[in-house]
Amino acid sequence: MLNPSYITYINWHKLVNAVKLITSYWISVVFKRVFVWGYPYAISIEPSNICNLSCSECPAGNKSLSRKSGLLDYQLFKKIIDQTRKYAIYLNLYLQGEPFLNPLLFKMIKYADENNIYTSTSTNGHFIDNESAKKIINSGLKKIIVSVDGTMQETYQIYRQRGNLNQVLSGIRLLAELKKEFKSKTPEIEIQFIVFKHNQHQVNEIQQIGKDVGANTVVLKSAQILNPNINFKLIPSIQKFARYRKKNTGYKIKSNLRNRCFRLWQTLVITLEGIVIPCCFDKNADYKSGDIKDLTLPAIWKSKNFNTFRKKVLASRKKVSICCNCTNGLHIKY
């Protein structure tokens with residue numbers, strides 16, 4: 001449950017906390033009662049929920065996000081890190097939108113890195129130029145995930161609307177070259193290829209492109225479709241790449257949705273407004289657990305609101321709306 005890459009970010013206090021957390025999760029699963037004995041060792045914070053692209057299945061891209069659009073304030077970010085650094089091992093700077101639209105992103109990464117937290121972010125890759133690539137390396141970012149959902153502009157732009165594939169690949173190549181020049185092992189560059197029906201024939205090509213531009217890894221990911229019975233044409237016909245399968249009543253998620261979810265014991269998810277939500281699938285903060293402006297994060301983590309949500313998942317996950325499109329997900333690493 002803990003990635004070996006995080007080993008240098010784990011001290012005795014963080015290790016004990018993680019063990020307590022994992023133990024309380026499994027006891028909760030067995031007895032169907034909520035026990036939370038530690039604090040989250042993974043944090044997910046939203047730097048921006050606005051985006052330069054118009055991806056059809058993304059609430060930020062298709063403008064269906066009901067939350068107020070904006071950028072994360074640095075002082076709010078600092079407050080979050082100050083309240084979680086004693087037990088946080090991993091930080092994901094992403095939720096909705098494009099993180100690099102926030103000009104303070106590098107400052108945020110550096111502050112988290114200085115507090116001994118492994119940092120990662122996910123981007124559409126349109127803002128990696130010579131200047132930003134140097135800042136990425138110097139900030140201490142440990143991993144950058146770049147979405148590349150096509151090997152030709154024609155297929156890439158079907159989903160990444162308004163995107164420029166050559167610009168993205170040039171940015172990845174530049175970052176990889178500067179890493180060599182600066183003799184830096186970080187950030188690890190991961191290309192993420194979301195598999196749709198229109199690009200499923202390019203999964204072998206993206207692996208070669210990943211090698212050519214200097215990426216460390218290429219990961220294939222199943223596509224989350226907001227309404228699979230309407231947008232079923234996006235679903236891959238190759239079943240191993242599909243998150244859904246067709247049944248008599250329409251398309252259904254392939255996951256069995258067992259009545260448990262480790263994310264609710266592992267990860268603290270915070271929107272740019274400082275609202276704590278139970279999971280990254282809660283795009284519009286419909287299941288608000290608390291607000292950092294009103295309570296501390298440790299208090300919210302063990303609050304009645306959060307535990308009530310955990311209890312619902314343990315009782316019947318299928319009855320929780322944001323869980324119904326969730327899956328352990330297909331992640332094939334090359």
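This section reports on the structure supplied with the text. (Residues numbered from 1 in each chain as written. Predicted model: local features only at pLDDT ≥ 70, side-chain atom pairs only at ≥ 80, totals over all residues. Heavy atoms only, no water.)

Attention now moves to the overall build of the protein. Of regular secondary structure, the protein possesses ten helices and twelve strands. For the protein, the C-alpha radius of gyration of 20 Å lies close to 20 Å, the compact-globule estimate for 334 residues. If you line up the protein on its principal axes, its C-alpha atoms span 55 × 50 × 35 Å. A separation threshold of at least 6 residues defines the contact pool for the protein, and within that pool the share at least 24 residues apart is 69%. In the structure as shown, the protein presents an accessible area of about 15,300 Å², 52% of it carried by carbon and sulfur atoms. (Helix = DSSP H or I, 4+ residues; strand = E, 2+ residues; numbered from the N terminus. Rg over C-alpha atoms; globule rule 2.2 N^0.38 Å. Contact = heavy atoms within 4.5 Å. Areas by Shrake-Rupley, 256 points an atom, 1.4 Å probe, with all protein chains shown as cover.)

Turning our attention to the packing of aromatic side chains. Going through the model one piece at a time under the given rule, you end up with 17 aromatic pairs. These aromatic residues form a ring-pair network of at least three members: Y25, W26, Y41, F262 and W265. Between K107 and the ring centre of Y74, over which it is positioned, the NZ or CZ distance is 4.2 Å. When the ring centre of W265 is taken as reference, the NZ or CZ atom of R310 above it lies at 5.6 Å. (Phe/Tyr/Trp six-rings, centres within 6.5 Å; stacked < 30°, edge-to-face > 60°. Lys NZ or Arg CZ within 6 Å of the ring centre and 35° of its normal.)

When its volume is computed, the second largest pocket comes out at roughly 230 Å³. Lining the second largest pocket are 13 residues; nearest its centre among them are Q224, L226, F281, K283 and I322. A breakdown of the residues in the lining of the second largest pocket according to their chemical character gives five nonpolar, five polar and three charged. (1 Å grid on protein atoms, 1.4 Å probe; cavity = no way out; pocket = protein on both sides within 12 Å on 5 of 7 lines; lining within 4 Å. Points joined across faces, edges and corners; volume = space filled by probe spheres on them. Nonpolar A, V, L, I, M, F, W, Y, C, P; charged D, E, K, R; others polar.)

Let's shift gears to empty space enclosed by the protein. For the coordinates displayed, the defined rule picks out one cavity of 30 Å³ or more. Roughly 70 Å³ of volume is contained in the largest cavity. The class makeup of the residues in the lining of the largest cavity is nine nonpolar, no polar and one charged.

Remember, this is a structural readout, not a statement about activity or role.
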